Amino acid sequence: MSLQSGLDALKQKRYQEAVELLEQFCRDCVERDSSDYLSAQMWLIKAYQATGEIEKAKILCQKLIMSENPQARSWSQKASQSLGQTPSNASQKASRAATTGIKLAMGGVGGSLALASGVTMTLLFGMVFALGLSLVFILGSDNPQQGLAIAIGITLVFNIAAFFLSPFLMDLTQSWLYQTRWVELAEVENLSPETAKVIRQVCEQKKLKTPRLGIINDQNPTAFTYGSLPNSARLVVSQGLFTYLDDDEIATVYAHELGHIVHWDFAVMTVASTLVQICYLIYSTAIRLGRGGDRKIKDAMQTAALVAYVFYLIGTYLLLYLSRTREYFADHFAAESTGNPNGLSRALVKIAYGILEEGSRTQEPSRLIEGTRALGIYDHKAAASTGTAYRIASDPQKVGRVFLWDMFNPWGWWMELNSTHPLTGKRVRALSTYAEQLGLPTEFDMGRVIKEGKTLSKSRLYSNFFLDVVLYGAETIGFFIGLIMGVILWSSSPNTGLAFGAPLIGLGMGIIVKALVMFPDYKQAAETDILTLMSDPYASPLRGQPAKLKGQLIGRGDAGYKFGSDLKIQDRTGMLYLRYASRFGPIGNFLFGMKRVKSLIGEQVGAVGWFRRGVAPWMDLIQLQSENGTIVNSYHRFWSFILGGGSIILGVVLIMFLSS
């Protein structure tokens, strides 16, 4: 794709075509500092203006202002002045409070921070202490008091060391992986004046030392905090935060992170995470010690390992719950300290949009976003749906409709259990209640979302959910039904094959039924777009919705995996992950990722598949089609039918063989 073809389309006023050609050139360009790449970016800003995509033009212009090329900087500074007018199809910002520091009631949002912290830490300490004691006593200590002292000593030393050393280890990791640049408050003030004001205000009010401030040269917008004590905290953001967010929105993100510092969140999470890891360490140690030796000690070690693993699982979910609670309270702190809950609502949505945009411009997933998922202000897995909605025209109604799934689908609650962050819709709803308490109009009309949610069919939502849960265990259910039927029939028949064959038949039928429901007939799949799919509040992660999409393959979907077989497709409304499945299993997936994927990136295709919605939406691919016909076939149902059919045949053979 040549730069000249894009310029020709722009000169001939074929603006939409010019946007597509110039975007493609920028994606394909390897030398990001070359004059051709910078020229393409400048002309792309003009093309965006011509098509009314002012928000995209602003974001691209802001990037060029940060360029090391003086001509590009000068041009973009002049261009930015012509972009000051808000487009007619974009939303006007909701207002903010005249004063800050007004106390806002949370109304039960997020639960109790003190209770969540206290219960989680107490239970985790109890788990580690009990497991440590059990190991000490099992190893045959002659002195129980000494064993108790050893258990307490090891637990305290390990946690204290982790508590104080982890920030320095994180510093080294940040510098090595992301080349974090430590800056003074004055530099942050140049980038965002209101942010510096908020930092000074919060630190003065809470009697805190200004955190060590870091900036990572990455355009994926994110922010996170870590440390051991509030006065030695680190607050790190990416350059993308200044690119995609306005000044007041950046300030709310910094205020959110300062909320984590004020609440000692990173300290509590550091200790809690360490305790969970100790549980796993005890589990692995008990497994190793239980592999030989005295039978009594072996049995005791296996029991200890089982208990340790159960504690590890419980601790993991307690940790996730604590993390979600702390995000709610950090949002609340930001709303109070800035008087701008609407700003943080916009920031969360724009961060999702920024992650989506940056993902569309690179063939490989961001190492920064993947590596800081648990620490960051936003779970990037949830960015696709929110970012896609915002991408259309910054229309709050379209963004809000995507939140229906977060708010009302039972799968949203289930998926959130395994997430470090609350679902975006729930966070925006809480922030909207704070805006209402301040007497402000809300950025996103969550009242309309709640009203629409109440019109959804509850019976359909919950019956689908419970059917999905049953479907999830279809193989196990089929096996046990077959076992029960086999035993009943065997009791009245001399054929012992019934006891062995019937469970296999039940297992096979469960596999096939599950496959038929998960992967329904796709021949009549409707042609649609990504935003429409993501706006469906009834979408399920198990029951696939047949759909056809038209768009461009823009990269791989596997984080950090050079030979990943999954792809990303982008249409005019957003981006979606496509999951490929070979008939030859993992080996076939690897070979496809190694030999075919790179040549497919950049192709305009039609994709047929089954859409699914979880925290991150995706489509299980059936076919990729180009103008020249089908170029890729994917076989998600293949192994289900092979295993299911094989199990049924084996069951029938056993019944016939053992009956003779």
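Preceding block: the structure.
Bear in mind the structure is a predicted one, so any value in this text is a computation, not a measurement.

What counts and how
- Residues numbered from 1 in each chain as written.
- Predicted model: local features only at pLDDT ≥ 70, side-chain atom pairs only at ≥ 80, totals over all residues.
- Heavy atoms only, no water.
- Axes fitted to C-alpha atoms, helices over the stretch in contact; angles between N-to-C directions.
- Helix = DSSP H or I, 4+ residues; strand = E, 2+ residues; numbered from the N terminus.
- Parallel < 35°, antiparallel > 145°, perpendicular 65-115°, else oblique.
- Left-handed = near helix turned anticlockwise from the far one by under 90°.
- Contact = heavy atoms within 4.5 Å.
- Nonpolar A, V, L, I, M, F, W, Y, C, P; charged D, E, K, R; others polar.
- Salt bridge = Lys/Arg side-chain N within 4 Å of Asp/Glu carboxyl O.
- Buried < 20%, exposed > 50% of the residue type's maximum accessible area, 1.4 Å probe, protein only.

J.: How should the packing of helix 22 (residues 474-491) against helix 23 (residues 497-518) be read in this particular structure?
T.: It is at 7 Å that the axes of helix 22 and helix 23 come closest, and there the two elements cross at 150°. Relative to helix 23, the element helix 22 is oriented roughly antiparallel. You can see that helix 22 and helix 23 cross each other, and the crossing is right-handed. Facing helix 22, whose interface residues are A474, E475, G478, F479, G482, L483, G486, L489 and W490, helix 23 presents L498, A499, A502, P503, G506, L507, G510, I511 and K514. Along the lines of polarity and charge, the residues of the contact of helix 22 with helix 23 split into 11 nonpolar, five polar and two charged.

J.: Help me understand the pattern of salt bridges in this model?
T.: When their charged atoms lie close together, side chains carrying opposite charge are able to pair. Tallied over the entire structure, the rule returns 18 salt bridges. Of the charged contacts in the structure, one is a salt bridge between D265 and R326, with a shortest N-O distance of 2.0 Å. In this pair, D265 sits in helix 12 (residues 265-289) while R326 sits in helix 13 (residues 295-338), placing the two residues 61 residues apart along the sequence. Classification of R326 by relative accessible area gives buried; the value is 3%. The closest approach of N and O atoms between K426 and E416, which form a salt bridge, is 3.2 Å. Residue K426 is found in helix 19 (residues 424-437), and its partner E416 is found in helix 18 (residues 410-416); the two are separated by 10 residues along the sequence. Taking the relative accessible area as the measure of exposure, E416 reaches 8% and is therefore buried. Through salt bridges that share partners, D246, D248, E249, R346 and K350 make up one connected network.

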